[in-house]
Amino acid sequence: MTQGIYLSAMTPAAGKSLIALGLTDTLFKNSDRVGFLRPVHLGETPEQDPMLALMAQTFELPPERCRGAVTLDRCRELLASGDHDALDSAAVDVYAQMAEHCDVIVVDGTDLLAHNAATAEFDLNARLANNMGCSVLAVIGGQQAEHPEDLLNAVEVTRTELRDSKCDIFAIMVNRCPAEWVEEVAQKAKRGLHNLPVYVLPEVPEVISPTVEELVESAGLRSDLTDVTLDRDIKGVKIAAMNVEHFLELLVDGDLVITPGDRSDVLMATLAAALTPDQATPAGVLLTGGFVPEGLVRSFVASAPFPVLSTEEDTYTAAKRVGSTRGRIVKGGARKAAAALGAWANQVDGEELASRLRLERPERRTPLRFLHELVEQARRDRKTVVLPEGDDARILRAAEMIHRRGFCDLVILGEPDEVARLCDAEGIDLDFEADGLELIDFRHDAERRERYAEAYVEYRKHKGVDKDTALERMLDGSYFGTMMVQLGDVDGMVSGAAHTTANTIRPALEFVKTKEGVGVVSSVFFMLLEDRVLVYGDCAVNPNPNAEQLADIAKASAQTARAFGVDPRVAMLSYSTGSSGSGEDVERVTEATRLVQAEEPDFPVEGPIQYDAAVDASIAQKKLPGSEVAGHATVFVFPDLNTGNNTYKAVQQSAGAVAVGPVLQGLRKPVNDLSRGTTVEDIVNTVAITAIQAQNG
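Residues numbered from 1 in each chain as written. Predicted model: local features only at pLDDT ≥ 70, side-chain atom pairs only at ≥ 80, totals over all residues. Heavy atoms only, no water.

Colleague: Help me get a handle on the pairing of strand β9 (residues 255-260), residues and values and all.
Modeller: With respect to burial, β9 is a largely interior element, five of its six residues being buried. Here strand β8 (residues 236-239) runs beside β9; their pairing, made up of four bridges, is parallel. Counted as the bridge partner of I239 is I258 from β9. One crossover worth recording links β8 to the parallel β9 by way of helix α10 (residues 244-250), and it is right-handed. Summarising the sheet, β9 and strand β10 (residues 284-288) pair through five bridges and their orientation is parallel. Note on β10: the bridge partner recorded for V257 is V285. (Buried < 20%, exposed > 50% of the residue type's maximum accessible area, 1.4 Å probe, protein only. Helix = DSSP H or I, 4+ residues; strand = E, 2+ residues; numbered from the N terminus. Pairing = 2+ DSSP bridges. Right-handed = clockwise from strand over helix to strand, strands pointing away.)

So this is what it looks like as structure tokens:
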């Protein structure tokens, strides 16, 4: 039976979108078929509703599992006419249709219909929740409270009101709570009849602060004076009404500078500061009064690393408009969503919350589920990963996403001025003073370079490496980063966005070396099919492995599969199944299978076996009846690199599978390679994988 959770905001601006995002993320990890419904949606069609669009994109929800019932205008008409039944019927009808496709549905209750409609809205949401048979998750906004006692009272009032309305209470959450009150409110809030905790989430500046893009859209500002991204947070506002010298003393990173458009001195001073190391870079400059720069000043402005906006309004009016603009997750895109999910994960016990629904964990694993699980598994035992390519904007953008999600600590290697320039140009927000984020100017870090060079000499002295050569090696980010891993300064490394696979792997082969009993470094790809995860190895490293190496690859691939929640059933692939064929290639696979079986592994292995017999139960029954692996294989070991690389790409392109990897295996410590065509999402996933490898030793 489908279960529903109805989100109801008990106060204005409670931050219900953050709760909706976090709750859906939690439920998504426990059910393949999660739905999201807005009984009252914005826009003429549900597709125009920004929250529905966000949820559909974030969780890849198909149309039948992400819907709206009636428009806001239609809702108001029905309420004004007193025709509540028509409104309820429309919402319940859509809910019932969705229930055919969903195990659990998150219902995002109405936003305030008018500034004085709080009571009417509560009655509407309570009635809709009851008619749909949903439990209620009530959200209390804490941003306007004057004392922690106000929030504790609000929890009790909410509980009483919901019970009086005959609502089943799923949870009560306090959101946007002042950070200094969070622990006190969480500890003192009464747990109610079922002794369940009240979760308390702090105000998240990255969520509530508007981006420059949101301000432009909200206020209708002109933004064509520069050609830089508007996706950058406004952390504060400075009105430049004093002379330049004193103004610059107050300017900090992330400020929006508001100044009359004819104050070219302020504009040029702000530009100079942004281009000067160790000086502040603003989120943008807003020129008021309808004045815009001309001539030489205009040409300077065009090269600014921040947006320059303009408005016809005077400075006072413009400042009021800026002050009233709030950030919204739905408008902030992936960066705000990452910050929201990070805050949710820090404060909410997802397993406890999901257990309230008694949802059974499904065996099916969709691509999105697997990728979400990576992040959560990495978060359980937080590790530190070094990214040596701080001069690549994709690396920095991924670092911002990872830091906001809060599942891994990061060390970035790079020249500070170049990193700052890239961050400014791309609107990337990285605070290297924050916990869990460090920037190392490795080419000028004499102490570390000296220590790492001495270690390198020790590891490679049998090859005649001297101190000068070692010092030169440590100017290479891959060597420097790998030595950080080797000496335990970090837990793992991810590189290769701007370098070859050989450049990434070579240092690891020189001194990290392979695990005891492992003869070869290899790789796997996680192939994320529509309903399951398969593991392919080796598709990236070893061109023509011998029988011993194939056995090593099989054992390592099974261990990797198990570490990431895939029950290993290993198929040693060949062009023949069982004893049906002969020849050197078949014999090599036969011998590799025998070597694996001789060690009595704790996973089933079969070989030689053809791919079709490994995956199709009906074919397996004909070709290899009685096999534990045939027809049910999850780990596929290819006989050579040519076969493996072509097969994974064929499956990726023809079957629409998501390929995650390559994931290196067999090294004593985790080092992973990126392709030079990597995306930000690929980097985030690979960092999570590397952190999990570090957890597993």
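Now that the structure has been shown, the text picks up again.
Colleague: Account for the pairing of strand β16 (residues 522-528), naming residues and giving values.
Modeller: Of all the seven residues making up β16, seven are buried; the element is thus mostly covered by neighbouring parts of the structure. Of the two faces of β16, the one carrying S522, V524, F526 and L528 and the one carrying S523, F525 and M527 are both buried. Both β16 and strand β21 (residues 658-665) contribute to a ladder of six bridges, which runs antiparallel. Bridging across to β21, S523 finds its partner in L664. Following β16, the chain reverses through four residues before pairing antiparallel with strand β17 (residues 533-537).

Colleague: Describe the sheet that holds β8, listing the residues and the values that go with them.
Modeller: Read across the sheet, four strands follow the order β8-β9-β10-β11 without closing on themselves; strand pairing throughout is parallel. The open sheet has two edge strands, β8 and β11 (308-310), and neither has a second partner. Each neighbouring strand pair of the sheet contributes to a mean axis angle of 25 degrees, computed without reference to strand direction. Across three bridges, the pairing between β10 and β11 is parallel. Of the residues in β11, the one forming a bridge with L287 is S310. (Axes fitted to C-alpha atoms, helices over the stretch in contact; angles between N-to-C directions.)

Colleague: Mind laying out the UniProt feature "domain: DRTGG" (unreviewed entry) in the protein chain, listing which residues take part and the relevant values?
Modeller: Under the UniProt annotation, the feature "domain: DRTGG" (unreviewed entry) is placed at residues 230-322. Secondary structure within residues 230-322 divides into 35% helix and 19% strand; the distance between the first and last C-alpha atoms comes to 15 Å. (UniProt positions renumbered as here; feature names shortened; annotations may be inferred.)

Colleague: Go over the sheet that holds strand β14 (residues 437-440) with me, naming the residues and quoting the values.
Modeller: Hydrogen bonds between backbone groups are what pair the strands of a sheet, and the pairing can be parallel or antiparallel. Read from one edge of the open sheet, five strands run β14-β13-β12-β15-β22, paired in parallel fashion. Edge strands, defined here as strands with exactly one partner in the open sheet, are β14 and β22 (671-673). For this sheet the average axis-to-axis angle between neighbouring strands, irrespective of direction, equals 20 degrees. Helix-sheet contacts for helix α17 (residues 393-405) involve β12 (384-387), β13 (409-413) and β14, and the interaxial angle to β13 is about 160 degrees. On the sheet, helix α28 (residues 680-695) packs against β12, β13, β15 (492-495) and β22 and is oriented at approximately 155 degrees with respect to β15. (Contact = heavy atoms within 4.5 Å.)

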